[in-house]
Amino acid sequence: MAKPKRGKAAAAKSREELRRENRQELERQKSRRKAMWIVILVVVGVVVAVILSLTVFFKVTAIEVDASKSQYSAAQIRDASGIEERDSLFLLNREKAADRISTRLPYTGEIIVKRSFPSKVKIFVEDSTITAAVKYNDAYFVLNESNKVLAKANNIDTLNSLVEQQAKKKVGTSPKKTAKSTGKTTTTTTETTTTTTTTVQTEPVTDENGMIVDPLTTLPEEDIAGGEDIRNADASVTVITGVKVKEAKVGYPLQAKNAKVFETYKEIRAAMDRWGVKDITAVDLTKVSDIRLTYQQRITILLGSASGLDRKAAMCAKVLEEQNKVSTEQKGTIDLSIEGKAYFSEGGATTMTTTTTTTTVPTLVDGETSAGVVTDVDGNPVSTTSATSVSGTGTTGAGSTTEPGTTTVKDPGDIGG
């Protein structure tokens, strides 16, 4: 039997394999082109759908406003938002709409702007609360909880009137607050685009002659002026002195020349809030080394400098708690200017005949005993000791002298050295 020639057979086989491989490559190229065209068609379809959604579909046809907790009408809120019917729901910038409402309607606080597909926008507005007033050049720049300028009051009576007027709101429901308690969001709404819920309308900011004040107030370089007794201000407002105003534009945050001083106020308020000390009716920042607060217009708090604010706030909270147990009308002075110590002087400034009671306030620690028992950082009870010295001028604080029988208790941080 004759054997086949290996060279020719091998060559013929190689050509067949090559043709098969070429066919397979052509088929793969066809598959790739087909897949590419499918991808292109899908992309074009998506682009067309997006364009149609932005230009034809999902247009705003209804704007629902819940003004049940605002002094502004739904029409005012809707106009201030800048949202128009036929706007694209997809292109709606909710943050900018909320900012427009906040700046154009200064007494607004919480603002929620939501899309509701396919064609509705829902807006909820809750008024802010007047929390502070910066006294400057015999005027008062009224601030809300986020230090936004609400108005300019030219005297205490005007300030009190604004506070009273702002308190007259209708009861409403915040969607955020409802969501926290129920686990789902609900919004109180009325007729589409024509909601007419209103309350007391705030008058424009005017001067003593009834002239409307330019909302952009840039003040000259002047010292803080004296004048009215700030104790006549509404007790729900913190009157701030010592801050020099650079620019007070209604609807925008207050700008201070001495920005660090204003930041100190914010830090003080935050520290006091953390420890539950509300009802601060005055903050005097004229000297940052001798900061003075007033609690309920009846107890002066000598803070000293702003160092150790959190510790001082904790001590202050404890002293106020103990003194309020004695009487809710108790008057006096709390001296926190000495690091780690809190002195309470009943009846105002300490005199030679005044008994000064010093109260120790422990930093909150694990294992703290029941109320009224002072413990050190290890949880061990600390007893009070009486210090007797020669009576002097009767002032409290650094270099002070105490009366016979004065009780002095160190802060737990000082115990043991």
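Cut-offs and rules
Every chain is numbered independently, its residues counted from 1 as its sequence is written. Restriction of local features to residues with pLDDT of at least 70 applies here, the model being predicted, together with a cutoff of 80 or more for giving and counting side-chain atom pairs; totals for whole chains, interfaces and linings are based on all residues. Excluded from the side-chain calculation are hydrogens and water; included are all heavy atoms of the structure. The predictor reports its confidence for every residue as pLDDT, a score running from 0 up to 100. We call two residues contacting when some pair of their heavy atoms lies within 4.5 Å. Here a salt bridge means any side-chain nitrogen of Lys or Arg lying within 4 Å of a carboxyl oxygen belonging to Asp or Glu. Working definition: helices are DSSP H or I runs of at least four residues, strands are E runs of at least two. Numbering for both runs from the N terminus. Burial classification: accessible surface area is computed with a 1.4 Å probe over protein chains only, and a residue below 20% of its type maximum counts as buried, one above 50% as exposed, and the rest as partly exposed. Two strands qualify as a pair provided that DSSP identifies no fewer than 2 bridges between them. To obtain each axis, a line is fitted to C-alpha atoms, and for helices this fit is confined to the stretch in contact; angles are then taken between N-to-C directions over 0 to 180 degrees. Note that patches include only residues with greater than 30% relative accessible area and no salt bridge, and the join distances are 9 Å for like charges and 5 Å for nonpolar side chains (Val, Leu, Ile, Met, Phe, Trp, Tyr). We get accessible surface area from the Shrake-Rupley algorithm with a probe of 1.4 Å; when it comes to residues, only the shown protein chains can shield them. Pairing of aromatic side chains here covers Phe, Tyr and the six-membered ring of Trp, requires ring centres within 6.5 Å, and sorts the geometry by plane angle: under 30 degrees stacked, over 60 edge-to-face, intermediate tilted. By the criterion adopted, a ring carries a charge over it if an Arg CZ or a Lys NZ lies within 6 Å of its centre and within 35 degrees of its normal. Helices are assigned an expected span. That span is 1.5 Å times one less than the residue count. Note on angle classes: values under 35 degrees are labelled roughly parallel, values over 145 roughly antiparallel, values of 65 to 115 roughly perpendicular, and the remainder oblique. In this scheme the crossing of two helices becomes right-handed for a clockwise turn of the near helix relative to the far one and left-handed for an anticlockwise turn of less than a right angle.

S.K.: Would you mind going over the confidence of the model for the protein chain with me for this structure?
M.R.: Interpreting fine coordinate detail is not advised for predicted regions of low pLDDT. On average, residues of the protein chain score 73 in pLDDT, and 64% of them are at 70 or above. Scored below 50 in pLDDT, residues 170-174 makes 15 contacts in the model with residues more than four places away or belonging to other chains. Under a pLDDT of 50 for its full length, residues 349-417 has, in the predicted model, 110 contacts with residues more than four places off or in other chains.

S.K.: Just checking my understanding: could you explain the pattern of salt bridges for this structure?
M.R.: Oppositely charged side chains can form a pair if their charged atoms are brought close together. Tallying each qualifying case throughout the model produces 9 salt bridges. As a salt-bridge pair, R274 and D310 come within 3.1 Å of each other at their nearest N and O atoms. Of this pair, R274 sits in helix α6 (residues 259-274) while D310 sits in helix α7 (residues 309-326), placing them 36 residues apart in sequence. Look at R274 and you get exposed, because its relative accessible area is 55%. Among the salt bridges present, the one from K325 reaches E321, with a minimum N-O distance of 3.8 Å. With K325 and E321 both in helix α7, this residue pair falls 4 residues apart, about one helical turn. Owing to a relative accessible area of 57%, K325 belongs among the exposed residues under this scheme. You can call E321 partly exposed: its relative accessible area is 37%. One connected set of salt bridges, linked through shared partners, spans E25, R28 and R32.

S.K.: Explain the sheet that holds strand β3 (residues 120-127) to me, please; I cannot follow it from the model alone.
M.R.: Note: strands within a sheet are paired through backbone hydrogen bonds, in either parallel or antiparallel orientation. Strand order in the open sheet made by the 3 strands is β1-β3-β2, with mixed pairing throughout. Only two strands of the sheet have a single neighbouring strand rather than two, namely β1 (62-69) and β2 (108-116). If you compare each strand with its neighbour and ignore which way they point, the axes differ by 15° on average. Relative to β3, β1 runs parallel, the two being bridged by 6 bridges. Following the sheet pairing, K69 is matched in β3 by E126. In the packing of helix α2 (residues 74-81) onto the sheet, the strands contacted are β1 and β3, and the crossing angle to β1 comes to about 125°.

S.K.: Sorry if this is basic, but what is going on with a nonpolar patch on the surface here?
M.R.: A cluster of nonpolar side chains, contributed by M36, W37, I40, V44 and V48, occupies part of the molecular surface with about 470 Å² of accessible area. Looking at the element boundaries, W37 is found in helix α1 (residues 6-55). The exposure class assigned to W37 is exposed, which follows from its relative accessible area of 53%.

S.K.: What's the story with the packing of aromatic side chains in this structure? I'm lost.
M.R.: Inspection of every chain in the model, using the stated rule, returns 4 aromatic pairs. Between F58 and F90, the aromatic rings sit 5.2 Å apart at their centres with planes inclined by 80°, giving edge-to-face as the arrangement. Of this pair, F58 sits in the loop between α1 and β1 while F90 sits in the loop between α2 and α3 (94-104); the two residues are 32 residues apart in sequence, bridging distant segments of the chain. Accessibility expressed as a relative area gives 40% for F90, which makes it partly exposed. Taken together, the aromatic side chains of F58, F90 and F117 make up a single cluster linked through ring pairs. One cation-aromatic arrangement involves K249 over Y252; the distance from NZ or CZ to the ring centre is 4.5 Å.

S.K.: So what exactly am I meant to see when it comes to the pairing of strand β8 (residues 238-241) here?
M.R.: Looking along a regular strand, one sees side chains alternate from face to face of the sheet. Taking every second residue as pointing to the same face, both faces of β8 are buried, with T238 and I240 on one and V239 and T241 on the other. Examined bridge by bridge, strand β4 (residues 130-136) and β8 share 3 bridges and lie parallel to one another. Looking across to β8, one finds that A133 is bridged to V239.

S.K.: Looking at this structure, how should I read α7?
M.R.: The α-helix advances 3.6 residues per turn, and as a result positions three or four apart in sequence lie on the same side. The terminal C-alpha atoms of α7 lie 26 Å apart, and with 18 residues this matches the ideal 26 Å at 1.5 Å per residue to within 8%. Where α7 is concerned, the buried positions are L309, K312, A313, A314, M315, C316, A317, K318, V319, L320 and Q323. Where the residues of α7 are buried, they touch α6, β12 (291-295), β13 (299-304), β14 (332-335) and β15 (343-346).

S.K.: How should the pairing of strand β11 (residues 280-284) be read in this particular structure?
M.R.: With 4 of 5 residues buried, β11 lies mostly within the body of the structure. Across 3 bridges, β8 lies against β11 in parallel orientation. Bridge pairing links I240 to V283 in β11. The pairing of β11 with β12 spans 4 bridges and is classified as antiparallel. Considered in β12, the bridge of D284 is made with R292. In sequence, β11 turns back onto β12 through a hairpin of 6 residues.

S.K.: Please explain the packing of α2 against α3 as it appears in this structure.
M.R.: A pair of packed helices is characterised by two quantities: the angle between their axes and the separation of those axes. Packing of α2 against α3 leaves a shortest axis separation of 7 Å and a crossing angle of 120°. Classified by the angle their axes make, α2 and α3 are oblique. In this structure, the crossing between α2 and α3 has a hand that is right-handed. Every residue of α3 that contacts α2 at I77, D79, A80 and S81 is listed here: A97, R100, I101 and R104.

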